[in-house]
Amino acid sequence: MSKVIIIGAGPAGLSAAITIAENGLEVLVLDEYMIAGGRLLGQLYEEPNGNWWNGIKESKQLYEKALDLGVKIQLHTAVSNLEKIDSSWVIYTATETYYTSHLLLATGATEAPLPIPGWTLPGVMSVGAAQVMTNVHRVKPGNRGVIIGVNVLSSAIAMELQLAGVQVACITLPKMSLVTKESGNPMNVMNSLLHVSHMAPSAFVKFGSKLMKIEFMKKMGITFFPKNGVKMWDIPIMLRKAVIEIYGDNEVEGVTMATISPTGEVIPGTEEKVQADFVCIAGGLYPLAELAAVAGCPFYHIEELGGYVPLHNERMETALEGLYVAGNITGIEGAKVAASQGVAAGLSIVHNNGTSNQEQNIKKAIQDIEHTRDNAFIQFHPAVKEGKQKLQHYWEEHLNTVKDMVGN
Amino acid sequence: MIICRCEEVTYKQLTETAEKYKCASRELKLRTRAGMGYCGGRTCRTMVDNIAHSFNGNERDCAQLTLKYQPPIRPISFGDLGDVKK
Ligand SMILES: Cc1cc2nc3c(=O)[nH]c(=O)nc-3n(C[C@H](O)[C@H](O)[C@H](O)COP(=O)(O)OP(=O)(O)OC[C@H]3O[C@@H](n4cnc5c(N)ncnc54)[C@H](O)[C@@H]3O)c2cc1C
Ligand code: FES
């Protein structure tokens, strides 16, 4: 019962586990995947300073450090439900039930789909699936692929595919629909690329600044974006073309593309076929917060954080006693930010458990998150800081309501 | 074009229903079964939410999850669920 339980063995969960174990508490980490590391496992790119960020190596280090400190990590274990009975959290997996008074949810993020005619054909996968196949399982998703959806994640993964010897025919937009309103609008996409490019992996920076330098392009927006795209590591990035269909008899054989207007309308008669044996869909990420929802956390929809996030404060405490969150469940950001949030959550747990006073360390950990965020080389939303401020505001509102209730 | 794979609900069905009833995501789900399949909406929930949102014209109620999550959030075999011992 004194054991702290963490769901999710990604950078957030593992960093929290290490922090808690270093302070003398017992920790159990549950994760449904067969390897510890979460989404960190798939990451591989060059940082602007020339260092390589190798997710498998980083994951292994965290994992081994946690084990050395006596953390128990149980893989292949999916948590299917949660509830609070009396003062303890009850955690259900398929075969076992666990109890704890301090539970940390570090379940990360998941991908949003972009529907396109033909997207249910075998050979169509999410861009994250292609990343895991290539970098974690070392299996080629195919020989020549088309990536639909232009964003930080898809460009980073395109480069990873190319490193692995998989050809990427192009990265392009999805045909506009009610579901792809934002990701199918060239102007929108270009603006968000320009905002994040100064932070992104190095080759991406070049792509961004190449556009930035051409002042008139910024002003005229997308109108003059070359129809055949701008090349990044020899991969054409197309903002004036969209995939209108994925075709193939029993599996992907290629995509039909068409030129689109600056607002995303298909220009008839411009259709062309591009051969490919796999297609990746990159619809962006959103926090995977199912367990927080089942537990009964209040939620807020904050665009800058990627979607619905469970209400929490800077100390990573949710509105429910004994329930904490850290990592991408609190908003979409890079692995280093997730890890720093894990440390803060870990310290809060140690403090709240009464093990030792961590007030000073918590303050420092909160500053550390800010600092990591400011120096992040990958940023998924340009206004993530504003998103965090909104959340803080909702938290203060929540505190006032609670006060009022107690006052009455 | 299929949106909900589990229940085989198409984009056309969803947009027509959403346009006719100008309803919230939850009602759109109940009317079409999109999001009620065996994956528990893991695949289609964001799309169903977006479609409903484009027609009902309301500001998204940002203080609430529009589509509920129901446990179990991961598949459990009947054997495990019924605690059947082999
Ligand atoms: C497809 C994809 C690609 C990404 N690529 C990059 C990238 O290239 N660079 C970058 O900086 N960031 C990337 N990210 C963002 C990534 O989420 C963060 O970098 C970081 O990994 C977040 O850490 P985390 O600990 O919050 O979550 P994760 O690393 O996602 O770890 C969460 C863990 O929780 C487990 N889990 C979830 N639900 C349950 C459950 N119900 N029961 C048991 N276990 C559960 C998962 O198996 C997983 O291991 C990517 C995210 C995704 C989804
Ligand atoms: S895809 Fe809609 S419920 Fe599974």
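Because the structure is a prediction, the values reported are computed rather than measured.

The rules behind these values
Residues numbered from 1 in each chain as written. Chains lettered and ligands numbered in written order. Predicted model: local features only at pLDDT ≥ 70, side-chain atom pairs only at ≥ 80, totals over all residues. Heavy atoms only, no water. pLDDT = per-residue confidence, 0-100. Helix = DSSP H or I, 4+ residues; strand = E, 2+ residues; numbered from the N terminus. Pairing = 2+ DSSP bridges. 1 Å grid on protein atoms, 1.4 Å probe; cavity = no way out; pocket = protein on both sides within 12 Å on 5 of 7 lines; lining within 4 Å. Points joined across faces, edges and corners; volume = space filled by probe spheres on them. Near = heavy atom within 4 Å. Polar contact = N/O pair within 3.5 Å; in protein donor to acceptor, adjacent residues only side chain to side chain.

Draft legend 1. Broad picture of the confidence of the model for chain B. Residues and elements named next belong to chain B. Here chain B averages 88 in pLDDT, while 90% of its residues score no lower than 70. The least confident element of chain B is helix H4 (residues 78–81), whose mean pLDDT is 82; the most confident is strand S2 (residues 9–10), at 98. Listed scores for the predicted complex are pTM 0.93 and ipTM 0.91.

Draft legend 2. How the structure looks around the pairing of strand S21 (residues 307–310) of chain A. Residues and elements named next belong to chain A. Sheet topology note: the strand S20 (residues 299–302)/S21 ladder contains four bridges and is antiparallel. Looking across to S21, one finds that Tyr-300 is bridged to Val-309. In this antiparallel pair of consecutive strands, S20 and S21, the connection spans four residues, and Gly-306 shows a positive phi of 105°.

Draft legend 3. Focus on empty space enclosed by the protein. All names here are of chain A. Summed over the entire model, instances satisfying the criterion amount to one cavity of 30 Å³ or more. Estimated volume of the largest cavity: approximately 50 Å³. Contributing to the lining of the largest cavity are Glu-333, Gly-334, Val-337, Arg-373, Ala-376, Ile-378, Gln-379, Phe-380 and Val-384.

Draft legend 4. Here's a closer look at the site of ligand 1. Taken together, 38 residues lie around ligand 1, and Asp-31, Arg-39, Tyr-45, Val-79 and Asn-328 of chain A are the ones closest in. Residue neighbours of ligand 1 fall on chains A and B, so the site bridges chains. Ala-12 of chain A is positioned with one of its backbone polar atoms (N or O) 2.9 Å from an oxygen atom of ligand 1. Val-79 of chain A has a polar backbone atom sitting 2.9 Å from a nitrogen atom of ligand 1.

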